[in-house]
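Observations on the model geometry
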Amino acid sequence: ALHAEIAGIKFDDIFLNASGVHCQTTAELDELLATKGTGAIITKSATSAYRAGNPSPRLSKIPLGSINSMGLPNEGLDYYLDYVTTKQADKPMLLSVAGVSYTENLDILHKVQDSSFMGITELNLSCPNVPGKPQTAYDFETTERLLTEVFAFFTKPLGVKMPPYFDIVHFDDMAKILNKFPLAHVNTINSIGNGLWINEDTDTVVIKPKGGFGGIGGALAKPTALANVRAFRQRLNPTIKMIGTGGVVNGRDVYEHILCGADLVSVGTQLQFEGPSMFARLEQELLAIMAEKGYTSVDDFRGQLKII
Ligand code: DHB
């Protein structure tokens, strides 16, 4: 009932972690692979080399969500490439990569191209948390130039992780760019960048990096996430599949992502705070909604949002 397919790779369930949550170490990735309800897993976004990330506290729970400025802490590309090429897994493993510069993205993708990894690579164009480094996907010209350069040599399945957009012309223009390339998928949204939360007892920010500015996730992000999934699904070539991310707390949220056009649904903030047993709960809740509506497959309602 909860199947999907991206780049010819079959998924027996629609759920995965949002990159960045519960996926930095092999122990965490192993746990996600063994979790009931995950149809795939994705690694923490890899840079060329190990990064310690920003100073702590760098993630905080806030009412209705989370704020984070992790700063790309990760074990480095070789660590994740080794995991996804040697781990015996019964579900697809996606490799997320995020160079902190234009040339680092190219270097990383050359290494992936030259490796034995045949799964889906997700190029993260939307990390908002590295001080001094703008996120690529808010620069439309650079995004097009980078993807042009990438697809000149990269022949394996490649998707992109996008930040939220807030303007209809931005949806139009970015979809036009993405449609020029044989992308496996578009994953939307990353966190809503550079929000600020203030502790009302102390009048202080709640995370240390960047004076308290950080990406917002969780329930607060749902309307923006659904709008981005819907807007891109209406504009992208049907060959480009979609991963919906943002604001998923319960089965209804998952159902709504699928109504907007998501093929797979990934979960970050709620996974961070509830832990991997969340996936079985979301699956149960989604199946209950589907049963009530008489749907036996996600194909029965994917993209079928009604307008008035
Ligand atoms: C980080 C946050 C992101 O939203 C992202 O896409 C990549 C990295 C981080 O702060 O580690």
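An account of the accompanying structure is given in this report.

Each value, and the rule that gives it
- Residues numbered from 1 in each chain as written.
- Predicted model: local features only at pLDDT ≥ 70, side-chain atom pairs only at ≥ 80, totals over all residues.
- Heavy atoms only, no water.
- Phe/Tyr/Trp six-rings, centres within 6.5 Å; stacked < 30°, edge-to-face > 60°.
- Buried < 20%, exposed > 50% of the residue type's maximum accessible area, 1.4 Å probe, protein only.
- Lys NZ or Arg CZ within 6 Å of the ring centre and 35° of its normal.
- Pairing = 2+ DSSP bridges.
- Helix = DSSP H or I, 4+ residues; strand = E, 2+ residues; numbered from the N terminus.
- Axes fitted to C-alpha atoms, helices over the stretch in contact; angles between N-to-C directions.
- Arc of directions from axis to C-beta.
- Contact = heavy atoms within 4.5 Å.
- Disulfide = S-S within 2.5 Å.
- Near = heavy atom within 4 Å.
- Polar contact = N/O pair within 3.5 Å; in protein donor to acceptor, adjacent residues only side chain to side chain.
- Areas by Shrake-Rupley, 256 points an atom, 1.4 Å probe, with all protein chains shown as cover.
- Nonpolar A, V, L, I, M, F, W, Y, C, P; charged D, E, K, R; others polar.
- Salt bridge = Lys/Arg side-chain N within 4 Å of Asp/Glu carboxyl O.

This brings us to the packing of aromatic side chains. The final tally for this structure, using the stated rule, is 10 aromatic pairs. Summarising the aromatic geometry, the rings of Y295 and F301 are spaced 5.1 Å apart at their centres and angled 20° between planes, so their arrangement reads as stacked. The class of Y295 is partly exposed, set by a relative accessible area of 28%. Here a set of aromatic residues connected by ring pairs shows up, and it is made of Y138, F140, Y165, F171 and F232. Across from the ring centre of F273, 4.7 Å away, lies the NZ or CZ of K61, which sits over that ring. Residue placement shows R145 over the ring face of Y102; its charged tip is 4.7 Å from the ring centre.

Before going further, it helps to examine the sheet that holds strand β11 (residues 192-196). Spatial ordering of the open sheet is given by β5-β6-β14-β11, a layout of 4 strands whose pairing is antiparallel. Two strands close off the open sheet at either side, each with one partner strand: β5 (59-62) and β11. Strand-to-strand twist of the sheet, defined as the mean angle between neighbouring strand axes without regard to direction, takes the value 40°. Sheet analysis places strand β6 (residues 65-68) next to strand β14 (residues 213-217), joined by 3 bridges and oriented antiparallel. Bridge pairing in β14 links I67 to I216.

Those residues of helix α1 (residues 26-33) that fall on the buried side of the exposure criterion are L29, L32 and L33. Around the axis of α1, the buried residues are gathered within 100° of arc, so they sit on the same side. Where α1 is buried, its residues meet β3 (15-17), β4 (41-42), α2 (77-86), β7 (93-97), α8 (269-274) and α9 (278-293).

Another aspect to go through is the state of the cysteines. Across all of its chains, the model carries 0 disulfides by this definition. C127 carries a free sulfur, and the closest cysteine sulfur to it, the one in C23, is 13 Å from it.

The peptide bond linking S56 to P57 adopts the cis configuration, its omega dihedral lying at 0°. Structurally, the position occupied by P57 is in the loop between β4 and β5. Even without glycine at this site, H22 takes up a positive phi of about 55°. Inspection of the secondary structure puts H22 in the loop between β3 and α1. Positive phi, normally seen in glycine, also occurs at L64, with a value near 65°. By the secondary structure assignment, L64 is in the loop between β5 and β6. By relative accessible area, which is 60% here, L64 ends up exposed.

Around the ligand lies a shell of 13 residues, among which K44, G71, L72, N124 and N190 are the nearest. In this structure, an oxygen atom belonging to the ligand sits 3.1 Å away from a main-chain N or O atom of M70. The side chain of N129 places a nitrogen or oxygen atom 2.9 Å from an oxygen atom of the ligand. Expressed as a share of its isolated accessible area of 290 Å², the protein-covered part of the ligand is 92%. Its residues assigned to classes, the shell around the ligand comprises 5 nonpolar, 7 polar and 1 charged.

Let us look at the sheet that holds β3. Spatially, the 8 strands line up as an open sheet ordered β3-β16-β15-β10-β9-β8-β7-β4, and their pairing is parallel. Sheet topology places β3 and β4 at the edges, where each strand pairs with a single neighbour. In terms of strand pairing, strand β8 (residues 121-124) meets strand β9 (residues 158-162) through 4 bridges, oriented parallel. Of the residues in β9, the one forming a bridge with N124 is K161. Running over the sheet, helix α6 (residues 222-235) touches β10 (185-188) and β15 (241-245) and is turned about 170° from β15.

If the charged atoms of two oppositely charged side chains come close together, the side chains can form a pair. In total, this model carries 13 salt bridges according to the counting rule given. Between D30 and K87 there is a salt bridge, with its nearest N and O atoms 3.1 Å apart. With D30 in helix α1 and K87 in the loop between α2 and β7, this pair connects stretches of sequence that are 57 residues apart. A residue is classified by how much of its surface remains accessible, and D30, at 30% relative accessible area, is partly exposed. In this structure K87 comes out as partly exposed when scored by relative accessible area, which is 31%. Here D299 makes a salt bridge to R302, at a shortest N to O gap of 3.1 Å. Judged by relative accessible area, D299 falls into the partly exposed class, the value being 42%. Several salt bridges share partner residues, and in doing so they unite K222, R252, D253 and E256 into one network.

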